[in-house]
2 protein chains.
Amino acid sequence: MTAEPPVPATSNTAGEPAQRRRRDAAETRQLLLDAARQRFARDGYAATTVRDIADDAGVNVALISRYFTSKEGLFEACLRAAGDELRRTTGQTPADRVPEAIARHIADLGAAGLSSQLSLLLRSSGDAGADEIRRGVLVRSSEQLAAARGWRPGEPGSEQLLLRAQMALAAGIGVAVLRSSIRLEPLSSATEQDLVGPLRDLVDALLPPR
Amino acid sequence: MTAEPPVPATSNTAGEPAQRRRRDAAETRQLLLDAARQRFARDGYAATTVRDIADDAGVNVALISRYFTSKEGLFEACLRAAGDELRRTTGQTPADRVPEAIARHIADLGAAGLSSQLSLLLRSSGDAGADEIRRGVLVRSSEQLAAARGWRPGEPGSEQLLLRAQMALAAGIGVAVLRSSIRLEPLSSATEQDLVGPLRDLVDALLPPR
DNA sequence: ACTAGATGTAAACGTTTGCTGACTTAGCCA
DNA sequence: TGGCTAAGTCAGCAAACGTTTACATCTAGT
């Protein structure tokens, strides 16, 4: 679980460390982020304890407070990371490739956990600050999604387009949760190839290509 | 666990009580169910305390243990109620009216809380029993949804249809949560009329009418 | 009217939670 | 090599949690 073989101190100047340094604040931070994202996405905020996260990361509990101030702070950091990831997808993807990109996100159940980053956006912490971050992430992503199909801010009559983009986003997130958290079969065992077809139909129906 | 809830023992012949009887086990049970459903759907299982629920219902905390054995038992009861409601929709609705039915569920943010019953299906309690109930509800509902478009159990090649039905269900639940729990605008303020069009496009794209 | 049992109340129990402060250890440079 | 600081450890606190226990009060049947 945790026992890492002792590693001699390396005077690594530039190269990425092949082995983990025994004390490395940046890496510890990242370990906590990864563990927290998975736990929060799968079990929700309130059901996850800081001791769970610390154990998963193989790190002492007190370091959560040190690096992220509080459990809330850790959650917000996870949310920001998921937001960056999602915005990268909805922003940098050509309009006709969006279904494939969403399918790739949803399908990735692995340790990288793109799917869990999606599920995270559905989890609430009860904290106003975190809720605002999540809402911002979702608004920006849906706006980027809508913009690819012709939506422009304030333009009359294009409000419908934003609404439809948010529904597409909701659909993607719903599928991700039912897959990775609820583990509904056969949805849970479906491969990326199984998902991309229906997702294309779904996205094209909600946001018709111009 | 053996404790069965005490029988209501109301000798009410026919007429519904115009005013609440000062002591009425059946009504107290229902008050707890309603309050719990809303709380669980909006805040999740772990974030909801039994004291919250009891206060919302205007009832003493200890009565949760009396009528539902435990917090878990109350959650399972909520899930069963939501399952009955959902099965009624997916089962009794003509195939071409499914989008309207889903839209009606999602749109209903009121006290009746059809929307919260949908959101509830996305919430996990961490308990194996509750998870099994929820999975059963979702499986049966998606099977009914798929059957309306030609799916038959075990029929080769129709597995795709079940997968698509589950994705449609996931989409509906995702929209419900983003609306009622996350309160994402403009999705949250959209009316039933705003929702039914996109939902029809979505359902028809995933499950083409035969 | 009386009583037994159903219904509701109040207070506390033991556990788990997030978080903190004092402490120890490792890494780095003079 | 010493020593200073960053990084990590440890034990424990106060609050909140679900649940239980002992008690009070209402209702229905006789």
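Structure's up top.
Residues numbered from 1 in each chain as written. Chains lettered and ligands numbered in written order. Predicted model: local features only at pLDDT ≥ 70, side-chain atom pairs only at ≥ 80, totals over all residues. Heavy atoms only, no water.

Caption draft 1: Highlighting the protein's contact with DNA strand D. R23(A), T28(A), R66(A), Y67(A) and R23(B) are the nearest of the 21 residues found near DNA strand D. Within 4 Å of the protein, the atoms of DNA strand D are drawn from sugar and phosphate moieties in a proportion of 57%. Within the side chain of R23(A), one N or O atom sits 2.8 Å away from a base nitrogen of DNA strand D. A distance of 3.4 Å separates a base oxygen of DNA strand D from a polar side-chain atom of R51(A). Listed by contribution, the elements that provide at least two residues to the surface near DNA strand D are α1 (25-43) and α3 (62-68) of chain A together with α2 (50-57) and α3 (62-68) of chain B. Ranked by residue count, the leading element in the surface near DNA strand D is α3(A), at 4 residues. In the surface near DNA strand D, the residues fall into 7 nonpolar, 6 polar and 8 charged. (Near = heavy atom within 4 Å. Polar contact = N/O pair within 3.5 Å; in protein donor to acceptor, adjacent residues only side chain to side chain. Helix = DSSP H or I, 4+ residues; strand = E, 2+ residues; numbered from the N terminus. Nonpolar A, V, L, I, M, F, W, Y, C, P; charged D, E, K, R; others polar.)

Caption draft 2: Focus on unusual backbone geometry. In this model, E185(A) is joined to P186(A) through a cis peptide bond whose omega is 5 degrees. Its place among the elements puts P186(A) in the loop between α8 (159-180) and α9 (192-206). With a phi angle near 70 degrees, T69(B) is a residue other than glycine that sits in the positive phi range. On the basis of relative accessibility, which here comes to 36%, the residue T69(B) falls in the partly exposed class. We note that R183(B) has phi near 60 degrees; this positive angle belongs to a residue other than glycine. Along the chain, R183(B) turns up in the loop between α8 (159-180) and α9 (192-206). (Buried < 20%, exposed > 50% of the residue type's maximum accessible area, 1.4 Å probe, protein only.)

Caption draft 3: Summary view of the interface of chain B and chain A. Between chain B and chain A, the contact holds 38 residues from the first and 38 residues from the second. Among the residues of chain B in contact with chain A, L122(B), M167(B) and I182(B) are the three that bury the most area, contributing 17% of the side total. At the boundary of chain B and chain A, one finds 2 salt bridges. Ionic pairing is found between R164(B) and D201(A), a salt bridge with its closest N-O pair at 2.7 Å. Inspection of the region where chain B meets chain A yields 8 residue pairs in polar contact (both at pLDDT 80 or more). The set of elements that each furnish at least two residues to the side of chain B that touches chain A consists of α7 (128-147), α8 and α9 of chain B. Per element, the largest residue contribution to the side of chain B that touches chain A is 13 residues, and it comes from α8(B). For the side of chain B that touches chain A, the per-class residue count stands at 25 nonpolar, 4 polar and 9 charged. (Contact = heavy atoms within 4.5 Å. Buried area = accessible area lost by both parts, 1.4 Å probe. Salt bridge = Lys/Arg side-chain N within 4 Å of Asp/Glu carboxyl O.)

Caption draft 4: Here's a closer look at the protein's contact with DNA strand C. Around DNA strand C, the structure places 23 residues, and the nearest of them are R23(A), K71(A), R23(B), R66(B) and Y67(B). Across the atoms of DNA strand C situated within 4 Å of the protein, the share located in sugar and phosphate is 54%. Contacts to DNA strand C include T28(B), whose side-chain N or O atom sits 2.8 Å from a phosphate oxygen. Contact between DNA strand C and N60(B): a phosphate oxygen at 3.5 Å from a main-chain N or O atom of the residue. Of all the secondary-structure elements, those providing two or more residues to the surface near DNA strand C are α2 (50-57) and α3 of chain A together with α1 (25-43) and α3 of chain B. Considering each element in turn, the surface near DNA strand C owes the most residues, 4 residues, to α3(B). Among the residues forming the surface near DNA strand C, the class breakdown is 9 nonpolar, 6 polar and 8 charged.

Caption draft 5: Main features of the side chain of Q166(A). Along the chain, the position of Q166(A) falls in helix α8. You can call Q166(A) buried: its relative accessible area is 1%. A distance of 3.1 Å separates a polar atom in the side chain of Q166(A) from the backbone nitrogen of L187(B). Here Q166(A) is in contact with S142(A), L178(B), L184(B), E185(B), P186(B) and L187(B), once residues within four sequence places are set aside.

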